[in-house]
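Residues per chain, in single letters:
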Amino acid sequence: MKAETIISRQEEVLNGGACKWVGWGALEPPGELPSVPPGTQGQEFQLRVEPQNPVVPAGGSLLVNCSTDCPSAELISLETSLLKESVGSGLGWAAFQLSNVTGDIQLLCSGFCNGSQMIGFSNITVYRFPERVELAPLPLWQPVGENLTLRCMVSSGAPRDHLTVVLLREEEELGRQPAGDGEPAEVTVTVLASRDDHGASFSCRTELDLRSQGLGLFQNSSAPRKLRTFAMPTTPPRLVVPRFSEVETSWPVDCTLDGLFPASEAQVQLALGDQMLNATVVSHGDTLTATATAKAEQESTQEIVCNVTLGGESRETRENVKAYSFQGPNLTLREPNATEGTTVTVTCAAGPRVRVTLDGVPAAAPGQPAHLQLNATAKDDRRTFFCNATLEVHGVILHRNRSVQLRVLYGPKIDRAKCPQRLTWKDRTMHILQCQARGNPNPKLQCLQEGSMFKVPVGIPFLVRLNYSGTYYCQAASSRGTDVLTVMMDVQGRNPIAITIVLGVLTILGLVILAAASVYVFGVQKRRDIYHVRQSSTRLPLAP
């Protein structure tokens, strides 16, 4: 509580004409009173008390003067329970110093004039500032839309009929009431809490108004208190988790709550059974979202919990997650690289309660393996075997597949259907020798001419020549052996008679073209030289 500096003053001049106060040390007596005029014996005189109804600070002192106009006044005194000290007296007056004035009190001055008693009164009012101005503690969290009662406690402070209590929100005045007579005084104001009140400061202030007594307006303020308001929806959070998950496999957890204020100050807990999850919490507006990953370590039905707390209230959602174990399938070949003609065994196995099917053939019962045996042939090379495993969890069939490829080692074989054994081609034409060989490992295929060992390209275009005619041995070779195929290539030259005819035709055609060109040239020249003068003759007509 803070108190403003108070400057009090006291009347320094006492009325009545009998005594003038000139300081704390001396009184200046008045001049000599005139003699009592004749005929004043029956006149009534009053005893004045100065100052009249003063206001003094608690514990202060006061100079009081009792005076009268009676010329024969005597035995003037001050009646009070306060500590007093006579500081001066004279004809018709007496002054007293009062100290340690702690409460309101009435002063009584008395005396005698011509045998008659005179009395006078003055009421002292003591003012004091409140010793304590305190706003009662606010709720830790105040629900939005509900009434909030502000209480201001005021201890001491006087006079109470001049003391007012004001309750404030920041600088906004919420209510003003008299302090009342209770000790301590309690003043309340009820307001409707809103979102705007979140983080606002509330306080109360006392106002001791002594301006009508010639003093001032004195204010004392309490320490401010901050209010936190909140809004919590009635609906529980939305918790999104899978119905079931595999043991030792991580899966996402998502918890969302809308209509939360202030969302950034809410607390979220995600738990899987007794295990607290490390959640990432994000707020946007009035929406709060918490995400985490969870993992079950053994088969069981476990409970996952999302709890959102704000303002001492909680909203919670629980969901069950079935943790299952899906072992396998494991698909194995006894001989991944089998030699042609050997027996190959294929096995597909899985864990308990899992049913497996190998290449369409199911196992005898769940949890039992499926087997397949075959005699490896070249056709089985690169054959793929498929194993399908199924597990029922809460009425849902889960599938898992595996596959494996068999490699069969066998010797080279040239495909007779794709490699013709007799070829007839024309000289200087483009052809492709279409021969293919298969085997594991892949064989090397080449075709060599008998005698010359000339190697003709295989599988790519080449220009055929006459000397390519002959017998070729096409050989496919690998570490598993060789395979040879004989290919006869007959390259035919061009027909001589046809060539002669063609040349004759071309010769005749050339002669015809030449003759036509000569005739054309001669005609053009003749037209240019139709007439011309013989320079050595002077006869007419002109000779051609």
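Rules used in this analysis
Residues numbered from 1 in each chain as written. Predicted model: local features only at pLDDT ≥ 70, side-chain atom pairs only at ≥ 80, totals over all residues. Heavy atoms only, no water. UniProt positions renumbered as here; feature names shortened; annotations may be inferred. Helix = DSSP H or I, 4+ residues; strand = E, 2+ residues; numbered from the N terminus. Buried < 20%, exposed > 50% of the residue type's maximum accessible area, 1.4 Å probe, protein only. Contact = heavy atoms within 4.5 Å. Areas by Shrake-Rupley, 256 points an atom, 1.4 Å probe, with all protein chains shown as cover. Pairing = 2+ DSSP bridges. Axes fitted to C-alpha atoms, helices over the stretch in contact; angles between N-to-C directions. Phe/Tyr/Trp six-rings, centres within 6.5 Å; stacked < 30°, edge-to-face > 60°. Lys NZ or Arg CZ within 6 Å of the ring centre and 35° of its normal. Disulfide = S-S within 2.5 Å. Patch = residues over 30% accessible without salt bridge, like charges linked within 9 Å, V, L, I, M, F, W, Y side chains within 5 Å. Salt bridge = Lys/Arg side-chain N within 4 Å of Asp/Glu carboxyl O. Lys, Arg positive; Asp, Glu negative; His and termini not counted. Charge placed at Lys NZ, Arg CZ, Asp CG, Glu CD. Core = buried A, V, L, I, M, F, W, Y, C linked by side-chain atoms within 4.5 Å. pLDDT = per-residue confidence, 0-100.

The chain is annotated in an unreviewed UniProt entry as Intercellular adhesion molecule 3 of Phocoena sinus. What UniProt states about the chain under its Subcellular location (unreviewed entry) heading is, verbatim, "Membrane". The record held by UniProt for the chain lists under Subunit (unreviewed entry) the comment "Interacts with moesin/MSN."

Caption draft 1: Spotlight on the overall build of the chain. Helix and strand counts for the chain come out as one helix and 45 strands. With 544 residues in all, the chain has 38% of them scored as buried. In the chain, the proportion of contacts linking residues at least 24 apart, taken out of those at least 6 apart, comes to 62%. If you sum the accessible surface of the chain, you get close to 31400 Å²; carbon and sulfur atoms cover 51% of it.

Caption draft 2: View of the sheet that holds strand β32 (residues 343–349). One open sheet accounts for three strands, arranged β30-β32-β35; its pairing is antiparallel. Two strands bound the open sheet, and with one partner strand each, they are β30 (330–333) and β35 (370–375). Averaged over neighbouring strand pairs, the angle between their axes works out to 10 degrees when direction is ignored. Strand direction decides the pairing type here: β32 and β35, joined by six bridges, are antiparallel.

Caption draft 3: Representation of the packing of aromatic side chains in the model. Evaluation of the coordinates by the stated rule reveals eight aromatic pairs. Aromatic side chains F462 and Y468 sit 6.0 Å apart centroid to centroid with 40 degrees between the ring planes, which places their arrangement in the tilted category. Residue classification places F462 among the buried residues on the basis of a relative accessible area of 7%. With a relative accessible area of 15%, Y468 lands in the buried category. An aromatic cluster is built from W425, F454, F462 and Y468, whose rings are joined through pairwise contacts. Cation over ring: R400 sits above F326, and NZ or CZ is 4.3 Å from the ring centre.

Caption draft 4: Region of the structure containing the state of the cysteines. Following the criterion strictly, the structure yields seven disulfides and no others. One disulfide bridge connects C66 with C109, the sulfur atoms lying 1.7 Å from each other. The sign of the S-S torsion, about -45 degrees, decides the handedness of the disulfide formed by C66 and C109: left-handed. With C66 in strand β5 (residues 60–68) and C109 in strand β9 (residues 105–113), this pair connects stretches of sequence that are 43 residues apart. In this structure, C66 and C109 share a single accessibility class: buried. Covalently, C419 is tied to C435 through a disulfide, its sulfur atoms 1.7 Å apart. In this structure the cystine formed by C419 and C435 twists about its S-S bond by roughly 55 degrees; its chirality is therefore right-handed. Placement of C419 in the loop between β37 (396–414) and β38 (422–426) and of C435 in the loop between β39 (430–432) and β40 (437–440) is noted, with a sequence separation of 16 residues between them. Overall, the relative accessible area of 0% leaves C419 in the buried class.

Caption draft 5: Layout of a positive patch on the surface. A cluster of basic residues, K426, R428, R465 and R494, forms a positive patch on the protein surface. The residue R428 is located in the loop between β38 and β39 in this model.

Caption draft 6: Inspection of the sheet that holds strand β11 (residues 132–135) at higher detail. The strand order β11-β13-β16 describes an open sheet built from three strands, whose pairing is antiparallel. With one partner strand each, in any of the chains shown, β11 and β16 (185–192) form the two edges of the open sheet. Neighbour to neighbour, the strand axes of the sheet diverge by 15 degrees on average, direction disregarded. Of the pairings in the sheet, the one linking β11 to strand β13 (residues 147–155) comprises four bridges and is antiparallel in character. Within β13, the position partnered with V133 by the bridge is V154.

Caption draft 7: Region of interest: unusual backbone geometry. Cis geometry marks the peptide bond from E50 to P51; its omega dihedral reads 0 degrees. Looking along the chain, the bond that leaves N440 and enters P441 is cis, with omega of 5 degrees. Residue placement: P441 occurs in the loop between β40 and β41 (444–449). Of note, the phi angle at N114 is positive, near 55 degrees, even though the residue is not glycine.

Caption draft 8: Examining the nonpolar core more closely. With 27 residues, the main nonpolar core has V344, V346 and V356 as its most contacted residues. Counting only elements with at least two residues in this core, the list comes to β30, β32, β33 (355–358), β35, β36 (383–393) and β37. Leaving out residues up to four positions away in the same chain, V346 has contacts with L331, T332, L333, L358, A370, H371, L372, L374 and F385. Ranked by size, the runner-up nonpolar core spans 26 residues in total, among them V133, L167, F202 and L208.

Caption draft 9: The confidence of the model for the chain, seen in detail. Per-residue pLDDT for the chain averages 84, and the proportion of residues at 70 or more is 85%. Under a pLDDT of 50 for its full length, residues 1–40 has, in the predicted model, 69 contacts with residues more than four places off or in other chains. Scored below 50 in pLDDT, residues 524–544 makes six contacts in the model with residues more than four places away or belonging to other chains.

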